[in-house]
Amino acid sequence: MHQENFIPYEYEVLSEDQALERSRQFLELMNSRRTVREFSSRPVPEEIIKNIVKVAGTAPSGAHKQPYTFCVVSNDELKSKIRAMAEQEEFINYNGRMSDDWIEDLKVFGTNYQKLFIEEAPYLIVVFKKSYNLDDGEKTRNYYVNESVGIAVGMLLSAIHNAGLAALTHTPSPMNFLAEALGRPKNEKAYLNIPVGYPKEDAKVPNIQRKSLDDIAKFYR
Ligand code: IYR
């Protein structure tokens, strides 16, 4: 390929031993990540959050369109408003909108309609997907939007954990109220609400296990 807009790819060459060691260390780091529902009031410097969002922005995306907006909310009034709106929807979910099976599946997590963590966490990163772009009233296309935003959020969660912070991938449903609360334009749809902060000192997490490699992968050698 010899295209004029191509530049050399700068990359680090690792020995097999270095690669193995790095892969093990990264696995160990990532395997210690847990979803946390109780946050400390310890403040988090905004620069850390900015770096974390920048990591999400390095994700591959369909036609490199980066079809997302990460809304970083630290304003207490806004957080309270979002909590109230989320609890209003969740109350309906837990009292009839979710099936009995679903309620049963959630029992191990001890969740309910109350969402204290929305106010407790110093930041909410509310992720919006851009179904299409709207620049100066002109519509342009994005591609593989769900895949692109999902990958970026995976990298966001990894960056959060790497910085010693905790997160919760909260999916209030329906979540149109987030676009309304944050005044987002009509091409943006709420994707996830991610409270971020240090975990509460005595935070507890459910005693659940991850599937083994054999359960999640098949090798075709
Ligand atoms: N959105 C609700 C219910 C909920 C659903 C799933 I799937 C979870 O993994 C956890 C919760 C809530 O936030 O409580």
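To start, this report covers the structure provided alongside it.

Cut-off values and rules
- Residues numbered from 1 in each chain as written.
- Predicted model: local features only at pLDDT ≥ 70, side-chain atom pairs only at ≥ 80, totals over all residues.
- Heavy atoms only, no water.
- Helix = DSSP H or I, 4+ residues; strand = E, 2+ residues; numbered from the N terminus.
- Buried < 20%, exposed > 50% of the residue type's maximum accessible area, 1.4 Å probe, protein only.
- Near = heavy atom within 4 Å.
- Polar contact = N/O pair within 3.5 Å; in protein donor to acceptor, adjacent residues only side chain to side chain.
- Areas by Shrake-Rupley, 256 points an atom, 1.4 Å probe, with all protein chains shown as cover.
- Pairing = 2+ DSSP bridges.
- Contact = heavy atoms within 4.5 Å.
- Axes fitted to C-alpha atoms, helices over the stretch in contact; angles between N-to-C directions.
- Arc of directions from axis to C-beta.
- Phe/Tyr/Trp six-rings, centres within 6.5 Å; stacked < 30°, edge-to-face > 60°.
- Lys NZ or Arg CZ within 6 Å of the ring centre and 35° of its normal.

**Some words on the environment of Lys204**
Here is step 1 of the chain: Residue position: Lys204 is located in the loop between strand 6 (188-197) and helix 8 (213-216).
Here is step 2 of the chain: Exposure remark for Lys204: the relative accessible area of 69% places this residue in the exposed category.
Here is step 3 of the chain: As a C-alpha pair, Lys204 and Ala179 span 25 residues in sequence and 31 Å in three-dimensional space.

**Some words on the site of the ligand**
Here is step 1 of the chain: With respect to spatial proximity, the complete set of residues near the ligand consists of Arg37, Glu90, Tyr94, Trp102, Leu106, Asn112, Lys115, His170 and Thr171.
Here is step 2 of the chain: A distance of 2.5 Å is found between an oxygen atom of the ligand and a side-chain nitrogen or oxygen belonging to Lys115.
Here is step 3 of the chain: Taking Thr171, its main chain carries an N or O atom lying 3.1 Å from a nitrogen atom of the ligand.
Here is step 4 of the chain: Relative to its unbound accessible area of 380 Å², the ligand is 72% covered by the protein chains.

**Here we look at unusual backbone geometry**
Here is step 1 of the chain: The omega torsion across Ser173 and Pro174 is -10 degrees, close enough to zero to call that bond cis.
Here is step 2 of the chain: As for its position among the elements, Pro174 is in the loop between strand 5 (166-167) and helix 7 (176-181).
Here is step 3 of the chain: Here Ala63, not a glycine, exhibits a phi torsion of approximately 50 degrees, which is positive.
Here is step 4 of the chain: The residue Ala63 is located in the loop between helix 2 (46-56) and strand 1 (68-73) in this model.

**Overview of the sheet that holds strand 1**
Here is step 1 of the chain: Spatially, the 4 strands line up as an open sheet ordered 1-2-6-5, and their pairing is antiparallel. Only two strands of the sheet have a single neighbouring strand rather than two, namely strand 1 and strand 5.
Here is step 2 of the chain: In terms of strand pairing, strand 5 meets strand 6 through 2 bridges, oriented antiparallel. What sits directly across from Ala166, in strand 6, is Gly197.
Here is step 3 of the chain: Contacts between helix 6 (residues 145-162) and the sheet are confined to strand 1, strand 2 (123-130), strand 5 and strand 6, with strand 6 contributing the most and set at about 10 degrees to the helix.

**Concerning helix 2**
Here is step 1 of the chain: Listing the buried residues of helix 2 in full gives Ile49, Ile52, Val53 and Ala56. Looking straight down helix 2, one finds that the buried residues subtend no more than 95 degrees of arc, so they occupy a single side. Across from the buried face of helix 2, at angles greater than 90 degrees, the exposed residues are Glu47 and Lys54.

**Quick word on the packing of aromatic side chains**
Here is step 1 of the chain: Counted by the stated rule, this structure contains 3 aromatic pairs.
Here is step 2 of the chain: Taking 5.1 Å as the distance between ring centres and 50 degrees as the angle between the ring planes, the aromatic pair formed by Tyr68 and Phe70 counts as tilted.
Here is step 3 of the chain: Note on Tyr68: relative accessible area 9%, which makes it buried.
Here is step 4 of the chain: By relative accessible area, which is 14% here, Phe70 ends up buried.
Here is step 5 of the chain: On the basis of an interplanar angle of 90 degrees and a centroid distance of 4.9 Å, the ring pair of Phe91 and Tyr113 is categorised as edge-to-face. Highlighted residues: Phe91 in helix 3 (residues 76-97) and Tyr113 in the loop between helix 4 (100-106) and helix 5 (117-120), separated in sequence by 22 residues.
Here is step 6 of the chain: Judged by its relative accessible area of 41%, Phe91 falls in the partly exposed class.
Here is step 7 of the chain: Over the face of the ring belonging to Tyr132 we find Lys139, whose NZ or CZ atom lies 4.8 Å from the ring centre.

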